[in-house]
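Structural overview for review
So you can see what is in the structure, the chains are spelled out below.
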Amino acid sequence: MPAPIYLDNQATTRCDPRVLAKMLPYFTEHYGNASSKTHAFGWTAEAAVGLAREQVATSLGAQTNEIMFCSGATEANNLAIRGTALAYQSRGKHLVIAATEHLSVLDCARALEAEGFRLSLVEVGADGLLEPASLVAALTAETTLVSIMLVNNEIGVIQNIGALADAVHDYNDELVFHCDAAQALGRVAVDVGPLGVDLLTVSAHKVYGPKGVGALWRRRRPRLPLQPLLHGGAHEQGLRPGTLPVPLVVGFGQACLLAAEEGAADEARIALLRDHMLEQLTTRLGGIELNGSRSARVAGNLNIAIEGVLAEKLIPRLQGLAVSSGSACSSADGRPSHVLAAIVDTARAQRSLRMGLGRFTSEEEVAQALDLLVAAVKAERG
Ligand code: PMP
């Protein structure tokens, strides 16, 4: 059987062969520990990490000493949220996040709630977007941290983080604003200056890099205190001890470089493919509704409700397509997606399918995917 057509680029992306090529020598000949100061193996690894740190920082409009490498966005989100909540707990114990955050933010905040913090989940509008006024209404004198994602992993909507962060800092300029930008890097401009945030999360495998590496960006001025999750050494400014996975870090750097050079052109091409898919599905099938804002939306995301079919019945008919009913993270335990639940009713959520196009999605694949999808929906509708 040929491999299915990959339309799940929000779950993960294929590691770009050019990224892999840069990584390979760091598994074979350059296998030193970047912390080894006494020999050339260590120096070579350290130099490679230094270059990657520059590449990641440049892609975020940041300084190199603001980048802390870790295992991915889940860890970066946990370090940002738990790390801030604990470091600031003498000032207050109230955390504010959007109802549609990724589970690595939501569950981390819930765990803190179980430890005595107060958590407010702010509702989004029917388009999935958050109004600055709704966010500010949730803030109190006890609030220390606000965490809002830039691009949603399920419905692809792009929050106006600049406006939200400004509103929060106008309320109290000592509040820490964290942004999960895992789905944003390489897809929309991520520049920490105009975004006005204090902490920002990124992950390599969402941007055609390897799985298992990500970074937390932390504003340097003023320097924010953070409590580490792990203890065991001075790596990454004492906030993330452990030997750096040099090949993964090198790959992350190269992925960021390619995103900076090619991201805008990729996105323009992907947006055309995505719009063509939506238009074709609408004319060939009818009864298609887009979940989440159409305009404030990342190019590769198509999350649609299909009249007359349940996603759980449709997906088994789509053996030739790799798609998802909600997000890959929540589909493992079969719970309905909390993101769809925040913007549509249960019946519509159950009829919803997420397709994610990416750098490697071709026109031919889109044409084939459309034929498969149209046939499966027609068969299911009966
Ligand atoms: N945040 C968002 C918005 C995501 O989409 C993901 C991945 N699904 C994560 C965090 C977790 O990323 P990682 O796999 O790098 O831990």
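Whatever comes next refers back to the structure up there.
Residues numbered from 1 in each chain as written. Predicted model: local features only at pLDDT ≥ 70, side-chain atom pairs only at ≥ 80, totals over all residues. Heavy atoms only, no water.

This next bit is on the overall build of the protein. Along the backbone of the protein there are 13 helices and 12 strands. At 21 Å, the protein has a C-alpha radius of gyration in line with the 21 Å of a compact globule built from 382 residues. When its C-alpha atoms are laid out on the principal axes, the protein stretches across 70 × 55 × 35 Å. Counting only residues that meet the buried cut, the protein has 55% of its 382 residues in that class. In the protein, 74% of the contacts between residues at least 6 apart in sequence involve partners at least 24 apart. For the protein, the exposed surface amounts to about 15,500 Å²; the carbon and sulfur share of it is 55%. Each charge class in the protein can be summarised by its mean position, and for the 33 positive and 40 negative side chains these summaries are 3 Å apart. (Helix = DSSP H or I, 4+ residues; strand = E, 2+ residues; numbered from the N terminus. Rg over C-alpha atoms; globule rule 2.2 N^0.38 Å. Buried < 20%, exposed > 50% of the residue type's maximum accessible area, 1.4 Å probe, protein only. Contact = heavy atoms within 4.5 Å. Areas by Shrake-Rupley, 256 points an atom, 1.4 Å probe, with all protein chains shown as cover. Lys, Arg positive; Asp, Glu negative; His and termini not counted. Charge placed at Lys NZ, Arg CZ, Asp CG, Glu CD.)

With that settled, consider the side chain of serine 147. Turning to its location among the elements, serine 147 is positioned in strand S5 (residues 143-147). A polar atom in the side chain of serine 147 sits 2.8 Å from the side chain of histidine 178. Setting aside its immediate chain neighbours within four residues, serine 147 contacts Ile81, Val96, Ile97, Ala98, Glu101, Val105 and His178. (Polar contact = N/O pair within 3.5 Å; in protein donor to acceptor, adjacent residues only side chain to side chain.)

In this section: the environment of glycine 156. Here glycine 156 shows up in the loop between S5 and helix H6 (161-171). The sequence separation of glycine 156 and asparagine 291 amounts to 135 residues, and the corresponding C-alpha distance is 9.2 Å. Beyond its immediate sequence surroundings of up to four residues, glycine 156 is in contact with Val151, Ala296, Arg297, Val298 and Asn301.

Below, the discussion takes up the pattern of salt bridges. As enumerated under the stated definition, the model contains 17 salt bridges in all. With its nearest N and O atoms 3.3 Å apart, the salt bridge here joins arginine 219 to aspartate 198. Highlighted residues: arginine 219 in the loop between strand S8 (214-218) and helix H8 (246-285) and aspartate 198 in the loop between helix H7 (192-195) and strand S7 (199-203), separated in sequence by 21 residues. Residues arginine 294 and aspartate 275 are paired through a salt bridge, measuring 3.9 Å at the closest nitrogen-oxygen approach. Highlighted residues: arginine 294 in the loop between strand S9 (288-290) and strand S10 (301-306) and aspartate 275 in helix H8, separated in sequence by 19 residues. (Salt bridge = Lys/Arg side-chain N within 4 Å of Asp/Glu carboxyl O.)

All we've got here are geometric facts, nothing functional implied.
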